[in-house]
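The chain contents come next:
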Amino acid sequence: MNIFIIAWLKSSHNTDLQEQTYFGLRNANSKKSIMIIATKPYSKLKLFSIWSQLECFAEKVDKIIISNAKNEFEDELSAFLEEVKRDMPQIGSKIEVQNHLNDRYDAGLWCDALTIEGNATHKRSSVIRPLLLSEYDQFFLINDSIIAVEPFNEVLDALERKNADLVSLNYWMYKNYEKEGVVNGTYWVESPVRAFSKKGMQVYSNHVCNLDTIRWRADCPHLKNLRNHRNKRCIVEKTEIDVAKYFPQDKVFGLYSGDDGTDQHWANNFTYWNKLRDEQSFPAMKNSNTKMLARIRIERPQDFTRCTTKYKDKSSERK
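The structure displayed is predicted, hence computed values, not measured ones. Along every chain, residues carry numbers that run from 1 in the direction the sequence is written. Two thresholds apply to this predicted model, a pLDDT of at least 70 for residue-level local features and 80 or more for giving and counting side-chain atom pairs, whereas whole-chain, interface and lining totals are computed over all residues. Side-chain descriptors were evaluated using all non-hydrogen atoms of the structure, hydrogens and water having been removed beforehand.

Caption draft 1: Up close: the nonpolar core. Throughout, nonpolar core names a set of buried Ala, Val, Leu, Ile, Met, Phe, Trp, Tyr and Cys residues whose side chains join them through atoms within 4.5 Å. Relative accessible area decides the class of each residue, using a 1.4 Å probe on protein chains only: under 20% of the type maximum gives buried, over 50% gives exposed, and in between gives partly exposed. Ranked by size, the top nonpolar core spans 54 residues in total, and within it Met 35, Leu 54, Phe 57, Ile 64, Phe 80 and Phe 140 carry the most contacts. Of the residues forming this core, the biggest block, seven residues, is contributed by helix 1 (residues 44–56). Contact partners of Met 35, with chain neighbours within four places excluded, come to Gln 53, Phe 57, Ala 58, Val 61, Lys 63, Ile 64, Ile 65, Phe 140 and Ile 142. Of all hydrophobic cores here, the second largest spans 25 residues; its members include Leu 114, Phe 139, Val 203 and Ala 244. Each helix is a run of H or I in the DSSP string that is no shorter than four residues. Each strand is a run of E no shorter than two, and both are numbered from the N terminus. For this analysis, residues touch if any pair of their heavy atoms sits within 4.5 Å.

Caption draft 2: Representation of the side chain of Glu 83. Here Glu 83 shows up in helix 2 (residues 74–87). Note on charges: Lys and Arg go in the positive column, Asp and Glu in the negative column, and His and the chain ends are not counted at all. Basic side-chain nitrogens of Lys or Arg form a salt bridge, by our definition, when they fall within 4 Å of a carboxyl oxygen of Asp or Glu. At 4.4 Å, Arg 86 is the nearest oppositely charged side chain to Glu 83, a buried residue that forms no salt bridge. Once residues lying within four places of it in the same chain are set aside, the contact partners of Glu 83 are Trp 51, Met 88, Tyr 311 and Lys 312.

Caption draft 3: Up close: the pairing of strand 8 (residues 166–173). Of all eight residues that make up strand 8, six are buried, and the element is covered over most of its length. As paired elements, strand 8 and strand 10 (residues 193–197) share three bridges and run antiparallel to each other. What sits directly across from Val 167, in strand 10, is Ala 195. Bridge count between strand 8 and strand 11 (residues 252–257): five bridges; the pairing is parallel. Within the sheet, the bridge partner assigned to Asn 170 lies in strand 11 and is Tyr 256. Here, strands pair whenever DSSP counts at least two bridges between them.

Caption draft 4: Spatial organisation of helix 10 (residues 290–299). When we look at burial in helix 10, the residues that qualify are Met 292, Leu 293, Ile 296 and Arg 297. In an axial view of helix 10, the angular spread of the buried residues amounts to 140 degrees, which keeps them on one side of the axis. More than 90 degrees from the buried face of helix 10, the exposed residues found are Lys 291 and Ile 298. Considering only its buried residues, helix 10 is in contact with helix 1, strand 7 (146–148), helix 9 (270–280) and strand 12 (284–286). By definition, the arc is the one covered by directions from the helix axis to the C-beta atoms.

Caption draft 5: Structural context of the pattern of salt bridges. Applying the stated criterion to the full structure yields 13 salt bridges. A salt bridge links Arg 161 to Glu 154, with the nearest nitrogen and oxygen atoms 2.1 Å apart. The closest approach of N and O atoms between Glu 237 and Arg 233, which form a salt bridge, is 3.1 Å. With Glu 237 and Arg 233 both in helix 8 (residues 230–241) and four residues apart, the pair spans about one turn of that helix. The exposure class of Glu 237 is buried, given its relative accessible area of 1%. A relative accessible area of 27% places Arg 233 in the partly exposed class. One network of salt bridges, with partners in common, ties together Glu 150, Arg 277, Asp 278, Arg 300, Asp 303 and Arg 306.

Caption draft 6: Spatial organisation of the state of the cysteines. By definition, disulfides here are pairs of cysteine sulfur atoms that lie within 2.5 Å. Summed over all chains, the structure comprises three disulfides. Each sulfur in the disulfide pair Cys 56 and Cys 307 lies 2.0 Å from the other. When the S-S torsion is -95 degrees, as for the bridge of Cys 56 with Cys 307, the disulfide is left-handed. Of the two residues, Cys 56 is situated in helix 1 and Cys 307 in the segment after helix 10; the sequence distance between them amounts to 251 residues. Of the two residues, Cys 56 and Cys 307, neither departs from the other in class, the shared state being buried. Here Cys 220 engages in a disulfide with Cys 234; their sulfurs sit 2.0 Å apart. Measuring handedness by torsion sign, the sulfur bridge of Cys 220 and Cys 234 sits at about 75 degrees and is right-handed. Residue Cys 220 is found in the loop between helix 7 (216–219) and helix 8, and its partner Cys 234 is found in helix 8; the two are separated by 14 residues along the sequence.

See below:
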């Protein structure tokens, strides 16, 4: 039996619902949660990816916000949402689409949605917005680069099980990296799939959501020798790589190593990714590496269909 298939267990000694996962038997999560999907759906593959997340990652969350880049692909997203509501009405009833200025990539889309919901500090604001009164206990942030291949709720469940404030799908250790203020052995977690406790979201809001538009010359001058994409790299450092350092070490966890010791990212290393799938039921793949997707489509075709069983446009997995 697949280890991520829910096993509902009851006994005379324990009436709590429990689930069996790769990470062990645990009580079903009772925390109230919100899921925010950052997207700029410029291709059918992006919509295919979001569908997979809704079908396999979103069943237990209480609210879903699709945070879209303003004035871009709004008609396509509206048509997509109607399809979700028709074919997955239980999921569709929880979704709200918001359109925001895309000035800080994924972090901006997440933070703008959180701000609208009253769960984050406005950018440029020196006023720290307290989250103690938020109706949500957990915050699930994900972007449209992730294709779900397994039903998965562990990033949320691990927050409570590990008493954590930040849980990510993947973690890294700096090994061969040179940056002012960063030393080898520094621990960080990837941003495409992250979950925060209420306290953790307060920290994220205070340090990330109140950032103004990030510019490499002012915020990351150490990137002066980088040839291309300096602004994007600076945003990644400020809103992804640096985030773990704002938390005590015992409050941040990644569930799977980002590489197999070779510094090659799991999304670009079929051998390692395939091993994670077979041995640990790794629940996702990325849509950014088209060559790897083509190989997965040939060698593991079931991973393209398991979380899109109700999606009509199967051609979108190729575009």
